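# Descriptive structure summary
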4 protein chains.
Amino acid sequence: YRGLNTASTCISHVNVKPVSSLKGRTFPDYVNSPNSKLQSLIWPKPIQNIFIVKKPWSEKTTAATAELIHHLHAKYPSINVIVQDNIIDELKPRLLLTPENSSCKIDETHDTIPLFTGTEEEIVKKTDLLITLGGDGTILRAISFFNTDYVPPVLSFSLGTLGFLLPFEFKEYSKVVDEIIHSRSKVLYRTRLECYITKRSKNQIKTIQEKSDDGKDAPKQITKVHAMNDIFLHRGDSPHLTYLDIYIDGDFLTRTTADGVVLSTPTGSTAYSLSAGGSIVSPRVPCIMLTPICPRSLSFRPLVLPHSSHIKIKIGSKSKKKVAGGEPQAKPIKLNIDGVSLNDLEYDDEIHIVNEVGTIYLDSNSNIPYSKTGVPPLDAGYKGLSNNTKLAGIHCLARSENDWTAGINELLGFNSSFKLRN
Amino acid sequence: YRGLNTASTCISHVNVKPVSSLKGRTFPDYVNSPNSKLQSLIWPKPIQNIFIVKKPWSEKTTAATAELIHHLHAKYPSINVIVQDNIIDELKPRLLLTPENSSCKIDETHDTIPLFTGTEEEIVKKTDLLITLGGDGTILRAISFFNTDYVPPVLSFSLGTLGFLLPFEFKEYSKVVDEIIHSRSKVLYRTRLECYITKRSKNQIKTIQEKSDDGKDAPKQITKVHAMNDIFLHRGDSPHLTYLDIYIDGDFLTRTTADGVVLSTPTGSTAYSLSAGGSIVSPRVPCIMLTPICPRSLSFRPLVLPHSSHIKIKIGSKSKKKVAGGEPQAKPIKLNIDGVSLNDLEYDDEIHIVNEVGTIYLDSNSNIPYSKTGVPPLDAGYKGLSNNTKLAGIHCLARSENDWTAGINELLGFNSSFKLRN
Amino acid sequence: YRGLNTASTCISHVNVKPVSSLKGRTFPDYVNSPNSKLQSLIWPKPIQNIFIVKKPWSEKTTAATAELIHHLHAKYPSINVIVQDNIIDELKPRLLLTPENSSCKIDETHDTIPLFTGTEEEIVKKTDLLITLGGDGTILRAISFFNTDYVPPVLSFSLGTLGFLLPFEFKEYSKVVDEIIHSRSKVLYRTRLECYITKRSKNQIKTIQEKSDDGKDAPKQITKVHAMNDIFLHRGDSPHLTYLDIYIDGDFLTRTTADGVVLSTPTGSTAYSLSAGGSIVSPRVPCIMLTPICPRSLSFRPLVLPHSSHIKIKIGSKSKKKVAGGEPQAKPIKLNIDGVSLNDLEYDDEIHIVNEVGTIYLDSNSNIPYSKTGVPPLDAGYKGLSNNTKLAGIHCLARSENDWTAGINELLGFNSSFKLRN
Amino acid sequence: YRGLNTASTCISHVNVKPVSSLKGRTFPDYVNSPNSKLQSLIWPKPIQNIFIVKKPWSEKTTAATAELIHHLHAKYPSINVIVQDNIIDELKPRLLLTPENSSCKIDETHDTIPLFTGTEEEIVKKTDLLITLGGDGTILRAISFFNTDYVPPVLSFSLGTLGFLLPFEFKEYSKVVDEIIHSRSKVLYRTRLECYITKRSKNQIKTIQEKSDDGKDAPKQITKVHAMNDIFLHRGDSPHLTYLDIYIDGDFLTRTTADGVVLSTPTGSTAYSLSAGGSIVSPRVPCIMLTPICPRSLSFRPLVLPHSSHIKIKIGSKSKKKVAGGEPQAKPIKLNIDGVSLNDLEYDDEIHIVNEVGTIYLDSNSNIPYSKTGVPPLDAGYKGLSNNTKLAGIHCLARSENDWTAGINELLGFNSSFKLRN
Ligand SMILES: NC(=O)C1=CN([C@@H]2O[C@H](COP(=O)(O)OP(=O)(O)OC[C@H]3O[C@@H](n4cnc5c(N)ncnc54)[C@H](O)[C@@H]3O)[C@@H](O)[C@H]2O)C=CC1
Ligand SMILES: NC(=O)C1=CN([C@@H]2O[C@H](COP(=O)(O)OP(=O)(O)OC[C@H]3O[C@@H](n4cnc5c(N)ncnc54)[C@H](O)[C@@H]3O)[C@@H](O)[C@H]2O)C=CC1
Ligand SMILES: NC(=O)C1=CN([C@@H]2O[C@H](COP(=O)(O)OP(=O)(O)OC[C@H]3O[C@@H](n4cnc5c(N)ncnc54)[C@H](O)[C@@H]3O)[C@@H](O)[C@H]2O)C=CC1
Ligand SMILES: NC(=O)C1=CN([C@@H]2O[C@H](COP(=O)(O)OP(=O)(O)OC[C@H]3O[C@@H](n4cnc5c(N)ncnc54)[C@H](O)[C@@H]3O)[C@@H](O)[C@H]2O)C=CC1
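So, a few notes on the structure that sits alongside this text. (Residues numbered from 1 in each chain as written. Chains lettered and ligands numbered in written order. Predicted model: local features only at pLDDT ≥ 70, side-chain atom pairs only at ≥ 80, totals over all residues. Heavy atoms only, no water.)

## What to know about the interface of chain A and chain B
Interface size, as often reported, equals the accessible area lost upon joining of the parts. Our working definition: The contact definition used throughout considers only heavy atoms, calling two residues in contact when any of these lie within 4.5 Å. Summed over both partners, buried area is the accessible surface (1.4 Å probe) that two parts give up on being assembled. Whenever Lys or Arg places a side-chain nitrogen within 4 Å of a carboxyl oxygen from Asp or Glu, that contact is recorded as a salt bridge. Whenever two N or O atoms come within 3.5 Å, that pair is a polar contact, provided that in protein one can donate a hydrogen and the other can accept it, and provided that, for residues adjacent in sequence, both atoms are side-chain atoms. Here a strand is any run of E in DSSP of at least two residues, a helix any run of H or I of at least four, and the numbering for each starts at the N terminus. Residue type decides the class: Asp, Glu, Lys and Arg count as charged, Ala, Val, Leu, Ile, Met, Phe, Trp, Tyr, Cys and Pro as nonpolar, and the leftover types, Gly among them, as polar. Pairing between strands requires that DSSP locate at least two bridges from one strand to the other.
With 49 residues of chain A in contact, the opposing surface of chain B contributes 49 residues. Carbon and sulfur atoms make up 52% of the area that chain A and chain B hide from each other, which totals about 4200 Å². It is Asn35(A), Arg301(A) and Asn415(A) that lose the most area in chain A upon contact with chain B, and together they represent 16% of the buried surface on that side. Counting the contacts that link chain A with chain B gives 2 salt bridges. One salt bridge in this structure joins Lys37(A) and Asp249(B), with 2.7 Å as the shortest N-O distance. Scanning the region where chain A abuts chain B turns up 31 residue pairs in polar contact (both at pLDDT 80 or more). Taken together, the elements giving at least two residues each to the side of chain A that touches chain B come down to strand 16 (251–264), strand 17 (280–281), strand 19 (303–306) and helix 9 (403–410) of chain A. Counting residues per element, the side of chain A that touches chain B draws most heavily on strand 16 of chain A, at 6 residues. Of the residues in the side of chain A that touches chain B, the class split is 22 nonpolar, 18 polar and 9 charged. The pairing of strand 17 of chain A with strand 19 (residues 303–306) of chain B spans 2 bridges and is parallel.

## So, the relation of the copies chain A and chain B
To keep it simple, the criterion reads: A residue counts toward the fit only if its pLDDT is at least 70 in both copies, and the copies are then superposed by least squares on the C-alpha atoms of those residues.
Each copy superposes on the other: chain A lies on chain B with an RMSD of 0.0 Å after a rotation of 180° and an axial shift of 0.0 Å. Taken together, the rotation and translation describe the operation of a two-fold axis. If distances are taken from each C-alpha of chain A to the rotation axis, the shortest is found for Ser279(A), at 3.3 Å. Mapped onto chain B, 100% of the interface residues of chain A again fall at the interface, so both copies present the same surface.

## Regarding the site of ligand 3
Heads up, the rule is: The near set for a molecule or strand comprises every residue that places at least one heavy atom within 4 Å of it.
Among the 24 residues in the neighbourhood of ligand 3, the closest are listed as Asp136(B), Asn229(B), Asp230(B), Thr270(B) and Ser275(B). More than one chain reaches ligand 3: its neighbouring residues belong to chains B and C. In the environment of ligand 3, an oxygen atom lies 3.2 Å from a nitrogen or oxygen atom belonging to the side chain of His240(C). Broken down by secondary-structure element, the contributors of at least two residues to the shell around ligand 3 are helix 4 (136–144) and helix 6 (272–275) of chain B. If you tally residues by element for the shell around ligand 3, the top one is helix 4 of chain B, at 4 residues. Per-class residue counts for the shell around ligand 3 are 9 nonpolar, 7 polar and 8 charged.

## As for the state of the cysteines
What is meant by a disulfide is a covalent connection between two cysteines, made through their sulfur atoms. Residue and element names in this part refer to chain A. Operational definition: Cysteine sulfur atoms are paired as a disulfide whenever they come within 2.5 Å of each other. Burial classification: accessible surface area is computed with a 1.4 Å probe over protein chains only, and a residue below 20% of its type maximum counts as buried, one above 50% as exposed, and the rest as partly exposed.
Under the criterion given, the structure shown has 4 disulfides over all chains. Put simply, Cys 10 and Cys 104 are joined by a disulfide, and their sulfur atoms are 1.8 Å apart. A torsion of 90° about the S-S bond marks the disulfide between Cys 10 and Cys 104 as right-handed. With Cys 10 in strand 1 (residues 10–18) and Cys 104 in the loop between helix 2 (88–95) and strand 6 (110–117), this pair connects stretches of sequence that are 94 residues apart. In this structure, Cys 10 and Cys 104 share a single accessibility class: buried.

## Quick look at the site of ligand 2
Applicable threshold: Using the Shrake-Rupley algorithm and a 1.4 Å probe, accessible areas are obtained, with residue cover drawn only from the displayed protein chains.
Taken together, 24 residues sit near ligand 2, with Asp136(C), Asn229(C), Asp230(C), Thr270(C) and Ser275(C) positioned nearest. Ligand 2 is flanked by residues contributed from chains B and C. A distance of 2.8 Å separates a nitrogen atom of ligand 2 from a polar atom in the side chain of Asn229(C). Here Thr267(C) contributes a backbone N or O atom positioned 3.0 Å from a nitrogen atom of ligand 2. Relative to its unbound accessible area of 790 Å², ligand 2 is 94% covered by the protein chains. Among the elements of the structure, helix 4 (136–144) and helix 6 (272–275) of chain C are those that each provide at least two residues to the shell around ligand 2. Here the element with the most residues in the shell around ligand 2 is helix 4 of chain C; it accounts for 4 residues.

## Topic: the packing of aromatic side chains
Aromatic ring pairs are reported here in terms of the distance separating the ring centres and the angle at which the planes meet. Counted only if it meets this: Any two rings among Phe, Tyr and Trp, with Trp reduced to its six-membered ring, count as a pair given centres within 6.5 Å; such a pair is stacked if its planes are under 30 degrees apart, edge-to-face if over 60, and tilted if neither. Whether a charge sits over a ring depends on NZ of Lys or CZ of Arg being within 6 Å of the ring centre and within 35 degrees of the ring normal.
Per the counting criterion, the structure on display carries 36 aromatic pairs over all chains. With centroids separated by 6.5 Å and ring planes inclined at 55°, the aromatic side chains of Phe51(C) and Phe146(C) adopt a geometry described as tilted. Here Phe51(C), found in strand 4 (residues 49–54), pairs with Phe146(C), found in the loop between helix 4 and strand 8 (154–158); they are 95 residues apart in sequence, far enough to count as distant. In terms of burial, Phe51(C) and Phe146(C) fall into one category: buried. For Lys312(A), the ring lying beneath its charged end belongs to Tyr247(A), and the centroid distance is 4.1 Å.

## Points about the environment of Phe170(C)
Along the chain, Phe170(C) falls in the loop between strand 9 (168–169) and helix 5 (173–181). Along the chain, Phe170(C) and Gly160(C) lie 10 residues apart, while their C-alpha atoms are 8.5 Å from each other.

## What to know about the side chain of Arg296(D)
This is how it is decided: In this tally, Lys and Arg are treated as positive and Asp and Glu as negative; His is ignored, and so are the chain termini.
Tracing the backbone shows Arg296(D) in the loop between strand 18 (287–295) and strand 19 (303–306). Among buried charged residues, Arg296(D) stands out as having no salt bridge; its nearest opposite-charge side chain is Asp136(A), 5.4 Å away. Within the local environment of Arg296(D), its side chain forms a polar contact with the backbone oxygen of Thr270(A), the two atoms lying 3.3 Å apart.

Set out below in structure tokens:
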């Protein structure tokens, strides 16, 4: 990358401050334009706090992040930059501009760069705009911070790696950031899925725990999760088939005997669902995709369901017969959301999946099994959200009306023709 | 079937009258209900005219049609029954109830059954409710009468044959007809596609002609067509590949080298598109499906596009090189709408496909090729329609909220599991 | 191409002679080598007659053909070049080398080039080696001349166009021709299918007629055909489904309701079968592929059958019910072999497909329906052939052991990975 | 089941004896018949030792096993029955026939049933015929005992559960056993795959260890394994893609970015490969199938390779870049053979797969990477076997010529048509 050439000042300190000291976040307005597939992003008041998330352990990304922070600091001094605390050490040496490592003069006024940080919960409450630098995985991870809340608009830069969700290259950042700050950008709306887990034994919504890297359950406890791409259930290490009973809007649809099943947004239609044989769905089609993973059936064609669907999946077992003094046995099933493993599911556990803006079946107690069982109402969460459906989903800064068509051609090699020799 | 047991009167005459003598048609209101996937069909004033379409040349269907007409005549004498004139001869003997062929007494007051008929155009203007008796093909044909106009609500009875679009069995007719007449029915909304044809040589919208059965062009001339299922282009008898250039919203998407391509509604997702490898899409997902037919590419995955898409397909040829003094040569391409062949397409001809309620790109002259070419505005037709989008599409009388789930399981054998021996 | 630079002599005449004047053809020996997938082609006596087939109406191909003939004439004067008579006029001007159009000197000895030609039947009897210049279609057409006989070894040159069956580029011709003449070449064995047609009404093997370009039946009459790629049945122009009853080795396998079905050799696995969803099969796997074309079933997975299979397909109709005084009606079905249309099939007609070297079920009269019906024995033809199975099939000159792996990667873009941006 | 009605004698003891005391095993001859897809099984000398394997922990299967042993004991007293030692306790109570639990008289001569048992290695050396009672899994497990040796003919009985590999129902056992003992049976030949593992770090063939149920490596150590169905590599619990480099006959074919890949016999074409999208291949087609599992590519079509292929798969990593002081990192890859997990593979590990009867490339040291590396010759094992290729593979007792056609129709629901309502 172009190096640190935008900065003309010497930076001698990085000043880390608590994110909690910032003012609360501002939501932009998203305005429809005639003849456009995109919405205009308009700031009702000036944007203040930008949360920058970078791919970890990549020197290129660290350099780019430092360059972006310098640029913001120099050009928009009133804007506050927020970062995760665990990247500050990595970032600091890159942020310092001394006469040795930059073009700053030895006798120049020395400057300090402020950086805000705090817990995930604190950051979420303050973020006006989310910027990611890295690949698709970086966006998925960054957006997962907003798992239980609205997602601010997302600006994603690629750094030369594959990225279906990355419309911008880093070298354009100056122009792109300008446009967004001055409310001249367009966003593509992407829908999120919402997932709840019910444990049979306890008749209650389970607290969801991310698996930490050493395989142990991490301390974080949440009661629902949102997915940008997909939610999948899978046999994992077990070499044996899973038995999953699938219900739609309270009606039994089918039992799948398979490696697993993936429930996907249109955004996720080009991720795992595609590998499993699903169609390519435009992000502007409101729907939920249900794609089987290696089903032991000749006739399990992928389904595209209404976005108002309420999908319930219950873990079954091969035989319903109770083993002496016990339960029908089923191997633990892997649950995975946007590439992150959650805790395993067992026989009779259920997950419920709806669109973030909810299902029309919500109040119909005859159709929704979990409202029968007296568990805390599923809607507690997204009822709140659905009061303000304009903020639901993910608003991704877009380059042009036709990013999608370009993407499936250039990135996925859609319908590539057989080649001519010579 | 149950025979003519509902009638207690002797019918000695069928009185054929001109449909033009009837009052103009009445549109029902379609009202959304909370927690329901269906809409309620409400008649603002009493229903008057029912158009009954039956599968041709089937004795069973003729008998059922006669039974239904007797029932309507006896129970709802103020309702007028409309039929196509070419079935009257087939129907008449079945309608007459004499002491010999029914339980009417020899000295009973003799009664006359009135039947209304006329040209297709005349019938369309008077129909409040459309009833079909036969298979899926019968519905497709019946709805094609309303090709250039709104479609009245459709009630479809099956007579024991396969039918994915047929929620009701004929034996239930008495109850079902009662409910619909008394505004106690529910309808499922299905979307229609709209198709325009442009001939290159003449730079004008082509009049579309159905191929008559002897292969000659029939006299009927129309400028656009609607599809309930699908529109497909195909190589037909020619054993060579077609070359079709596909544009979405004015942007080039891809050139397909294939048997052809099918553009389908969600309703049509279980028709040809399914055979060609497309996903199963709920009729409640607003979208247009683009499914290749035997593409010579490993990577042409079916696409699910937004329902606001404007799809243009231009007939290409293998080589762009002009042959001495001539045109690049391309075999004629078959155009087919809902199972009916239209006239062939040739090199450089175009078809344009939009949803019945139109595309958001309509006015953007930079994106829509045909508005550039000065042809009569494409929108002339459906602009009118879109003033009243509540009437657009097809409102199909539905049995229950879950006809679709039941249908894919029972009729398509979705995800049927491998069988147990014994 | 490189122009006519190999010739140093002036050519002032082309001397067209009857192919019948040549000595009968010589079959090479095909010898297996240890550790090789290919066979060595060994001429037991010197090769004499080379039949050159070129793509029609392509100037580039005509030039290349002339260059090759000059080369053969100059370097191997004892070898006789055979061509189809309808290309002689096209070729002649290109063959003449005068001081004006080449580097030959004005006072040089003038030379005459002999060309042999005759009817297809005559040519077949004399050809030691077949050379094609053009694309895959040219090979298919050239080999179809040998429809009722053994195929000589085939050397195929591409001229810059796509070609899955074309291992060599024309510019290598000098080296490649040298090697083959001196028995230093390797061949890849490809299997052929054999197809018989039985007309129900006449209880006899039907004479097969190619459709001529104007749609009329051409005069040529044959009783069986061989396929290098595939044999397919298809609905053609009719927009309605076909009903085909498929039997394997005398047992009913399935009824297909579909656009049609393709029976393919492994060679043809990368042609139509691939487009219809079939797997990619190495030409060295002895088998027959049965791939449905757009089947109206969720569970018709492509089949790979033993090469000893006897496949019978009988044209069915939607309903078995006889129409008054008539036959169950079925639209004519298109029959196509290696891209050439044969005459249409009708209700109750059958085709039988076996491998060229025959089926093990041949004598088992309980299993083979047509031997029951007293028709002339199916085996009449290939029984003869199978006496000499070493000559059956198609021996294609190969570049290297791994042409196939290279081909699926380079030509088909097999498993192309999603692209990196930048 | 029919209960113990075949026995008329009282059984008061089960006499467990060492299998090592039996005479060595006898191999049958397999004789081709004209016009048959099957081979006749002929015993050159009377059959002596039958090894019976049953599904564990199923009462129904235990009862059936006891019934079969009684039958053999009563009708063929000279035949020795072998069982695994860990099922003797389960079997014993079922084998004893006292006046209380059977129709034997109280004063009848009491009889003893002998059962032979020993280690797996000992049993393998003595088995003339293998009989399985259970499902497909039971056959796979039973045959895996013969992992490093020839497989005796296999007779498989189903007990009412699904079974694609199970031609016979248990209730026919008397007739079926009679036929096989008197050399009047037919067998279907099924091929086996052979798999070798090479650890990069140690440059040697790895000893393969089955994972025991508690996840620890079991003590058993072997150097190669055979597969009846398939060998697959998979990401397992890790939610991230695998990177596998695939070579055919020493040439690089492709890198797959996927859940994994399955290498399958034609027998296994209806197991995992089918779920992953592979074609259905007749067991009589000699080939190896390579089917990707959820590949991140639109163009990875399943491949059908020659049975002489040598397939090498090398574990790759996402980036080839060395991490500071270390190796490119790759998650452990799961290796699974016929439903049994072996120990995990890591970065740079290789597996090699050939057909049991070997590859023609065996001696060509330029093509086979592992012979370059000085590892113990791959062929050590199956060279021995290939001396007697008539005994290689698996000879399954067959019911009729057309078990396969019946199986794909009845068990897999192949090409099931869309159903008629009513
Ligand atoms: N998603 C899938 O389809 C998966 C399939 N498998 C297959 O399971 C096999 C092992 O079988 P089990 O130990 O019983 O595991 P399992 O208990 O997971 O059952 C596998 C199923 O496949 C059936 N099956 C096995 N071999 C078959 C064949 N050759 N043709 C048709 N059906 C067959 C069995 O009857 C059973 O229904 C493996 O060889 C692998 O092919 C293993 C994992 C996932
Ligand atoms: N939708 C499709 O994919 C269709 C394919 N075909 C195939 O076309 C063949 C006849 O070829 P043409 O007369 O040239 O017709 P064509 O002009 O329609 O071209 C067929 C294409 O297939 C290629 N091709 C032919 N044989 C091949 C093979 N064995 N492997 C890979 N590619 C191959 C040709 O290079 C050409 O690009 C038929 O045997 C049939 O397999 C025919 C109709 C439709
Ligand atoms: N290979 C294939 O699958 C082909 C399918 N078609 C389809 O046939 C339709 C026309 O129907 P017909 O005139 O009756 O032709 P047809 O007599 O060829 O029968 C088509 C079949 O599709 C069924 N069908 C029609 N619409 C359906 C829907 N929406 N969902 C599920 N099944 C449906 C019908 O019941 C009938 O079994 C076209 O719109 C096209 O979609 C047409 C040609 C080939
Ligand atoms: N066999 C497969 O295709 C599998 C796919 N996944 C997908 O990976 C996603 C998580 O991504 P990572 O954490 O980066 O895992 P990862 O490191 O395994 O990479 C997944 C790949 O998918 C790409 N990707 C992610 N989202 C995409 C989208 N919406 N459209 C197109 N490509 C996309 C990424 O660029 C990356 O190349 C999951 O949401 C799931 O969809 C997960 C497991 C297996």
